[in-house]
Amino acid sequence: MKASHRIVEIRIANIETDFGKLVGRNSRSRNYGYNQREWLAQFKTNSGLTGVTNARPSMNRGTLAQLHGVLGQLLGRDVFEFYRVKDGRVTGVNPRWEHLLQRNGFVSFALFDLMGRALDLPLHALLGPKVRDTADAYDSTLYFEDLVHPEEGADAVAREAWEAVEKGWRAVKIKIGRPGRWFEPQMGLERDIEIVQRTRERCGSELRILVDANNGYDGKMDLLETFVREVASADVFWMEEMITQDLSGYRRLRDWRDRYSPTTMLVDGEGSDGRPTIYWSLMEEGLLDAIQPDMLHMGFWPFHNLALDIAESGYRTKIAPHNFNAAAIGLRGVIQFAAVTPSFVIAEDSTLKFDIYHDPDYRFENGAYVVPDSPGLGVEIDQDLYARLYGSVETVLKT
Amino acid sequence: VVAGRIETISVTPVPAFYRGELGKSSGSDNIGKSCLEWLVRARTNSGVEGLTVANAYMREFTDFHHSEGTVKGLLEVLEEVFLGRRTDGFLEISDGRVVAIKSEVARAFRHNGWMSILAFDLLGREKGVSCIELLGGRQRDRIPAYDATLFFQEFLHPETGPAQVARDASESHRAGYRQLKINIGRGRRWMLPADGLRRDVEVVLAVREALGEDAEIMVDAGRGYDGNLDLLDDFVRETLKARILWMEDLITPDVTGYRALRRIQERTGCNAWLVCGKDDTHPISPIFQDLADEGLIDGYRPDIASAGFATWQRIEDGLRDTNVRSLPSSFANGCFGARAGVVFGAASRRFAGVEDERFLPNVYKVDSSIFDDGSYTLPDGPGLGLEIDLEKYERVYAAHEAVVRAGDRRVP
C-alpha cells in the first residue's frame, strides 16, 4: 500500500538577511535596499517530511491572512494529490488545484520538494531527464550604485562587478536605463555607456556582462541606438528589457543589435508567464532570444510546459528564468529546472545567503552551481536555529 | 533695490542615509537605509541662491512615457516656473509677511507645493530676512522634534524580538529625543490581526517601560486597524497606562469611523490626540475638513516638503476655527525635510512638533539650528538659513547635477 504523505502543518516566518552592501535603484524604482527577506513556508507531512518554499510572491502583494487563506486549503491533503505522477515523473496537474497553483506558483516549490523526498528523487527528476550537471549563474545585484556612492561615479558599479568576480561569478548583470527617470536623458545615456565600458576594462574579457534597462529606453530610441552602438566593443552578453515589448520597437532594436553587436541576446518577459500573444509574436519574428518569466511566481509545471511549447514551436527563443526578491530558494528551483531544460541559458543569482538554509550539494564553482541529486529541492532548514530566531514570530497552520 | 532674476537652476540627487536599516510599516516592506534628496538650487543674477527638494515631484512617476517623476520633467517644470523670473515674482507680501501666491504661479505652486519653499528661500535671502519672518514671525525659540524611525524593527532582529523597538527607543532617548513615534498596525499585513494587536501592545508597553516617564510616546498605525475596530478597542484599552500622546492613522479617514474612534476613547478614558492627513495630496481635502470641523481629529499632517510653506499657510487658515494642531509629516525628505519643519514650526502658533527621521549629515553645512534635549534651536541665517557645503558638493555630488539656464538649456 502506498504510504501516506498528508500535509499536516505549515510554518511561516519572515527570514531576514542582507546583501552586505546597499543595492541601489533600477531605472524606475527606489533603492532595492540593504536587507532582504524570504517568507519561508515549511510544509510538514504526517510522514515526517518537510518541503520548503518562499511565499514572498504572495506577501509582495497581499497579507499574511490572505497567505493563510491560500495555504490553509492544502492542509490535510496528500502531496501526490496536486499533480499527476507516473513512474516518478509529473505528467499533469490535477484540475482541482490548477487555479490555485497557477495563481500561487511558489506553492509548487514545496509540493515538488515533498514529492521528491517521498520518492527519494531529486526535484529535477520529477520534470524530466537531466541534461546538464551545472547551471551558470550571474550576480544580479549591480544596480545604480553610482547614486549610492556618487563620489565614485561609474566606478562604483565597475568596482562591485570586480568584487563579484573575486567571489567567483563569471557573469554579472548591470542595471542601466538611466535616461528613463533618474538622470537627464543624455547624461543617463553617457553614464550607462561609461559603466559598461568601465566594467569591461576592470573585469577583463572573460566576464559575461548582461545589461537590464527595465524599459528605461522607452520613448528614447535615438539614445538606445547610441547605447547599442557605443557598447559594441564591450561584447555585451544580453540586453534585457531595453524597451517595453512591442513589435516595431523590437524590430529596430534587433536591426541595431545585428549591425553593431550581433552576438548579443535580446531578452524580455520577466513580468509575464510567457503566454501573452506579444511574446509569441516576438518569438515568431526572431526578436526574442530568451524569455524570462519569474520562477517563483510561475512555478515548475507551467514553466516546464512553456519551455516545451517553445521548443515544439521551432522558435529559437531560449529560457532564462527571472529570479529576484531575495530568492535563495528560488535560485535552487531555477537550478533544478535548468537541469532538465535544454534551452536554459543562465540563472539569476541575488547572491544572498541565509544562515538557516543548509544546501551543501549546491556547490558554486567557477561561476556555476552544481545540480544536486539529493532528494527534493535539496535545501534543509537548521531547525534549532530556526526555533531560536523565528520560533516566537512564526505563524503555524495545522490540521 | 531691484530683485534678482533667476538665471540657473540645478537638480542634484543627494543620498541621505538613516542611522540604520528601517523596517516595515503596517503597509510597506522595509523602508531601508537611505533615500535620495532631489536637491534644487536656483541662482539669481544678484548672487542669491535658494533651495528646495523636489522629492514629491520625483515620487509622481507613472511610466517612461510621462514626464512626471523624471529628471527631464523636473527640469522642464522648473524652467517653466522659475527661470527668468525675479525673486519677488512669486509671493505676495503684506507687512513683511507672505499672504498669498502670485497668480502667475499659483497653479504650479498648488500642484508642486515644494516650489513655494524655494520661493520663500529666494525671497528671504534676497531681502536678508528669515523665512520665519516671512511666515509671520517667531512664535517660539525652540522647536520640539520627535524621532520617527521606530518601525517594525523586530523583523530585522528576530533574535531580540519585540524588545528591539524598546532598545532602539532607549538609544533615541539617549540621543536626546523626548518624543518618539512608534509604528504599529502589524495586523494589517505582516501578522494575523489578533497577533498583530498583541505585538503592538507589547511593543508600546515595552517602550514606555524602557523610557520611563521622561518621554512622550506617539503611535502611527498606517490605517492598520481598518475593519478591526474591536481590536482597536483592545489596543486603546491595553495601552492606556502607556499614556500615548497621539494616535495617527488608526483607520482610513472617514467621519463614521472617526466617530467610532471617539466613542472608543470615551469608553476607555483615552485622551490621546487623533491625528491623520499625511497622505492628503490636495489639502485640505473635504474629508479632512469634515473631520476637523466636527472635532474628530486633533492634528493634521500633510507633508511639509510636499505641501510646502504656502499651502501650509492656507491649511492653517482653514483650521482657524478648529482646535486642530499643525503636525506636518516629513517622510523621506532627507535632511532638508527637518529644516523645513523647523522653520515652519517656528512661525506657527498651532504647530506641535517636527517629524525627524534622523538622517546623517550630507550636503549641508552645520549651522546654528542644533538638536539638543528634544528640540531644535532656530536657524539664524536669511531664508531657510541652510547652506550647501560647496567643497563637499563639488567633490561628491556635482557630477550628477543637471542644469538649466535662462534661455539656454545646458546639460553638462
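That block above? That's the structure.
No experiment lies behind these values; they were computed from the predicted model shown.

## Some thoughts on the overall build of chain A
A count of helical and extended segments in chain A gives 15 helices and 18 strands. Across its three principal axes, chain A shows a C-alpha extent of roughly 65 × 45 × 35 Å. The burial tally for chain A puts 65% of its 399 residues in the buried class. Summing over all exposed atoms, chain A offers an accessible surface of approximately 14,000 Å²; the carbon and sulfur share of this is 45%. In chain A, 47 positive and 58 negative side-chain charges are present, and the distance between their average locations comes to 4 Å.

## Some details on empty space enclosed by the protein
Scanning the entire structure with this criterion turns up five cavities of 30 Å³ or more. Size it by volume and the largest cavity reaches roughly 80 Å³. Along the walls of the largest cavity sit A:Ile12, A:Ala13, A:Asn14, A:Trp39, A:Leu64, A:Val393, A:Thr395, B:Phe155, B:Trp190, B:Met191 and B:Arg199, which together make up its complete lining. Considering each element in turn, the lining of the largest cavity owes the most residues, three residues, to strand E1 (residues 7–23) of chain A. Residue classes in the lining of the largest cavity are distributed as eight nonpolar, two polar and one charged. Estimated volume of the second largest cavity: approximately 50 Å³. Of the residues contributing to the lining of the second largest cavity, the split by class is eight nonpolar, one polar and one charged.

## Thoughts on the packing of aromatic side chains
The geometry of two aromatic rings is summed up by the distance between their centres and the angle between their planes. Residues and elements named next belong to chain B. Under the criterion given, the structure shown has 38 aromatic pairs over all chains. Consider the rings of Tyr 146 and Trp 246, whose centres lie 5.1 Å apart with planes at 90°: the pair is edge-to-face. Here Tyr 146, found in strand E6 (residues 142–150), pairs with Trp 246, found in strand E9 (residues 244–248); they are 100 residues apart in sequence, far enough to count as distant. Exposure class is identical for Tyr 146 and Trp 246. Each is buried. Between Phe 309 and Phe 344, the ring centres sit 6.3 Å apart and the planes meet at 20°, which makes this aromatic pair stacked. Placement of the pair is Phe 309 in helix H11 (residues 304–318) and Phe 344 in helix H12 (residues 334–347), with a sequence separation of 35 residues. Judged by its relative accessible area of 2%, Phe 344 is buried. Following the ring pairs from residue to residue traces out a cluster consisting of Phe 120, Phe 288, Tyr 300, Phe 309, Trp 312, Phe 344 and Phe 351. Sitting over the face of the ring of Trp 273, Arg 325 holds its NZ or CZ atom 3.8 Å from the ring centroid.

Parameters and conventions
Per chain, the residues get numbers from 1 upward, laid out in the order the sequence is written. Note on labels: chains are lettered from A, ligands numbered from 1, in written order. It should be noted that, the model being predicted, local features are given only for residues of pLDDT at least 70 and side-chain atom pairs only at 80 or more, the latter also being counted only at that level, while totals for whole chains, interfaces and linings use all residues. Side-chain metrics in this entry use all non-hydrogen atoms of the structure; hydrogen atoms and water are not considered. The secondary structure listing takes helices from DSSP runs of H or I that are at least 4 residues long and strands from runs of E that are at least 2 residues long, numbered from the N terminus. Burial here depends on accessible area, computed with a 1.4 Å probe over protein chains only, as a share of the maximum for the residue type. Under 20% is buried, over 50% is exposed, and the range in between is partly exposed. A 1.4 Å probe and the Shrake-Rupley method give the accessible areas. Residues count as covered only by the protein chains that appear here. Within this scheme the basic residues Lys and Arg register as positive and the acidic residues Asp and Glu register as negative, but His and the chain ends are omitted. Charge positions are represented by NZ for Lys, CZ for Arg, CG for Asp and CD for Glu. Detection works on a 1 Å grid of protein atoms alone, calling trapped sets that fit a 1.4 Å probe cavities and calling open sets with protein on both sides within 12 Å along at least five of seven lines pockets, with lining residues defined by an atom within 4 Å of a point. Grid points are joined across faces, edges and corners, and a volume is the space filled by probe spheres set on the points. Residues are grouped as follows: nonpolar covers Ala, Val, Leu, Ile, Met, Phe, Trp, Tyr, Cys and Pro; charged covers Asp, Glu, Lys and Arg; every other residue, Gly included, is treated as polar. Classification of ring pairs rests on two measures: the distance between centres of Phe, Tyr or Trp rings, Trp counted by its six-membered ring, which must be within 6.5 Å, and the angle between planes, read as stacked under 30 degrees, edge-to-face over 60 and tilted in between. Definition used: whenever NZ (Lys) or CZ (Arg) falls within 6 Å of the ring centre and also within 35 degrees of the ring normal, the charge is taken to sit over that ring.

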